[in-house]
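Reading the structure
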Amino acid sequence: MKIKTAEFVISNTDYKLCPAPKMAEYAFIGRSNVGKSSLINALVNHKNLAKTSGKPGKTQLINHFSINKAWYLVDLPGFGFAKISKKMRAEFHDMISEYLVNRTNLMCLFVLIDSRHKPQAIDQEFMQWLAEKGIPFVMVFTKTDKLGKVALAKNIGTYKVEMQKTWEELPQIFITSAEKKTGMQEIADFIENLNPQFKEII
Ligand code: GTP
Ligand code: MG
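Residues numbered from 1 in each chain as written. Chains lettered and ligands numbered in written order. Predicted model: local features only at pLDDT ≥ 70, side-chain atom pairs only at ≥ 80, totals over all residues. Heavy atoms only, no water.

1. Some words on the overall build of the protein chain
Within the protein chain, the regular secondary structure consists of 5 helices and 7 strands. For the protein chain, the N- to C-terminal ordering of α and β elements is β-β-α-β-β-α-β-α-β-α-β-α. Its C-alpha radius of gyration of 16 Å places the protein chain within 12% of the 17 Å reference for a compact globule of 202 residues. For the protein chain, the spread of C-alpha atoms along the principal axes amounts to about 45 × 40 × 35 Å. Here the protein chain, with 202 residues, has 47% of them falling under the buried criterion. (Helix = DSSP H or I, 4+ residues; strand = E, 2+ residues; numbered from the N terminus. Rg over C-alpha atoms; globule rule 2.2 N^0.38 Å. Buried < 20%, exposed > 50% of the residue type's maximum accessible area, 1.4 Å probe, protein only.)

2. Thoughts on the sheet that holds strand β5 (residues 106–114)
Here 7 strands make up an open sheet; going across it, the order is β1-β3-β4-β2-β5-β6-β7 and the pairing mixed. The sheet is open, and its two edges are formed by β1 (6–12) and β7 (173–175), each paired on a single side. Looking at each pair of strands side by side, their axes are set apart by 25° on average, direction ignored. The pairing of β1 with strand β3 (residues 62–67) spans 6 bridges and is classified as antiparallel. Residue pairing for β3: A6 is matched across the bridge by I67. Of the strands in this sheet, β1, β2 (24–30), β3, β4 (71–75), β5 and β6 (137–142) touch helix α1 (residues 36–44), which is tilted by about 150° from β4. Against the sheet, helix α2 (residues 86–102) engages β1, β2, β3, β4 and β5, with an angle of about 145° to β2. (Pairing = 2+ DSSP bridges. Axes fitted to C-alpha atoms, helices over the stretch in contact; angles between N-to-C directions. Contact = heavy atoms within 4.5 Å.)

3. Notes on the coordination of the magnesium ion (ligand 2)
Bound to the magnesium ion (ligand 2) are the protein donor atoms S37 (OG) and T59 (OG1), situated 2.0 to 2.2 Å from the metal. On the criterion of sequence distance, the pair formed by S37 in helix α1 and T59 in the loop between α1 and β3 is long-range, its members being 22 residues apart. Judged by relative accessible area, S37 falls into the buried class, the value being 7%. The class of T59 is buried, set by a relative accessible area of 13%. (Donors = N, O, S within 2.8 Å, 3.2 Å for Na, K, Ca; no water.)

4. Concerning the packing of α2 against helix α3 (residues 121–133)
Relative orientation of the contacting elements α2 and α3 amounts to 35°, with a least axis distance of 11 Å. Of the two elements, α2 crosses α3, and the hand of that crossing is right-handed. Seen from α2, the contacting residues are S97, L100 and V101; seen from α3, they are F126, W129, L130 and K133. For the contact of α2 with α3, the per-class residue count stands at 5 nonpolar, 1 polar and 1 charged. (Left-handed = near helix turned anticlockwise from the far one by under 90°. Nonpolar A, V, L, I, M, F, W, Y, C, P; charged D, E, K, R; others polar.)

Below, the structure written as structure tokens:
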């Protein structure tokens, strides 16, 4: 698929204020600093559409982008960010979970995992929760340019083995680098294939 236009639409703290669910939607989530905003920029070939930062906790709202005027990409805040108050973390948690559970046009959630790290309980628990809620998702390993081929294969292997302990079937996996633009075509093709399945729920 060719990305012809990518436009910022609106930022919200409440899913009820998000754009009317009239187009297919794909959201990006994962721990703070995992590379969600960078991946969105790489995917649409735009350096600064989604705001990125070296410091965790940059994205704090539900950000909608309209792509080809035909579907939405959504940049979400990260979870597991330690340097905010308990109250703020609880508010973030509610904002994200309400969005995920109630957004009727959400076709698929991309769960980003830093390819350099061992499986983390917070990601595992989050994916279990998604399964319980029936929210469709895929996994995206990020920042693969920071690892050599062997280390990358080893880490992904370890991740799969860990998941196979609790999952009957593993979700689809994408291997990416926003820096090197690895895996972007695969994600764009995945979205292109899913788009026709969108049916507006009135
Ligand atoms: P929050 O909004 O804070 O939750 O973070 P985020 O998940 O949106 O991460 P963001 O895209 O802001 O990236 C965090 C840092 O990682 C930035 O310094 C990026 O430049 C860097 N980064 C993101 N993706 C890649 C990648 O593929 N390769 C490398 N080398 N660095 C990356
Ligand atoms: Mg971000």
